Amino acid sequence: MAGVQPQDDLLKMTHRENWRMQHERLHIKHRGHEAMHAEMVLILIATLVVAQIVLVQWKQRHHRSYNLVTLVQMWVVPLYFTIKLYWWRFLSMWGMFSVITSYIIFRATRKPLSCRTPR
């Protein structure tokens, strides 16, 4: 009968008391994880700093490849998410924008520059 007592106590508790008891159990179960979380935050910050330094160095030393990779990523990432999330209207508008921009870039890179090229 001693095993039935805690269940009876849970049934007699209000919702707020029950939530408080479960929250207290959660804190007891996860005691000592604060140091691990602090370590994870420090690793995240260090990774961000190192990545920023690497990106700046890459841009300074290999400007053309940096620009090419960032341009491709700025075009591929929206494509991936629009297909994955089924955002068909966004995909169609983005596709039209890409085609128009590509046409303008094509016209602007011709030698000699035509007077009909958009500004």
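Here, every reference points to the structure presented above.
Residues numbered from 1 in each chain as written. Predicted model: local features only at pLDDT ≥ 70, side-chain atom pairs only at ≥ 80, totals over all residues. Heavy atoms only, no water.

1. Examining the packing of helix α4 (residues 63–84) against helix α5 (residues 88–108)
- Between α4 and α5, the shortest axis-to-axis distance is 9 Å and the interhelical angle comes to 155 degrees. By the angle between their directions, the pair α4 and α5 is classed as roughly antiparallel. Relative to α5, the crossing made by α4 is left-handed. Residues W75, P78, L79, T82 and I83 of α4 form the contact with α5, whose participating residues are W88, F90, L91, W94 and S98.
- Grouping the constituent residues of the contact of α4 with α5 by class yields 8 nonpolar, 2 polar and no charged. (Axes fitted to C-alpha atoms, helices over the stretch in contact; angles between N-to-C directions. Helix = DSSP H or I, 4+ residues; strand = E, 2+ residues; numbered from the N terminus. Parallel < 35°, antiparallel > 145°, perpendicular 65-115°, else oblique. Left-handed = near helix turned anticlockwise from the far one by under 90°. Contact = heavy atoms within 4.5 Å. Nonpolar A, V, L, I, M, F, W, Y, C, P; charged D, E, K, R; others polar.)

2. Section: the layout of surface pockets
- Looking at the largest pocket, its volume works out to about 330 Å³.
- Lining the largest pocket, in full, are L71, V72, M74, W75, W94, F97, S98, T101, S102 and I105.
- Looking at the lining of the largest pocket, the elements that each hand over two or more residues are α4 and α5.
- Residue contributions to the lining of the largest pocket peak at 6 residues, all from α5.
- The residue inventory of the lining of the largest pocket, partitioned by class, reads 7 nonpolar, 3 polar and no charged. (1 Å grid on protein atoms, 1.4 Å probe; cavity = no way out; pocket = protein on both sides within 12 Å on 5 of 7 lines; lining within 4 Å. Points joined across faces, edges and corners; volume = space filled by probe spheres on them.)

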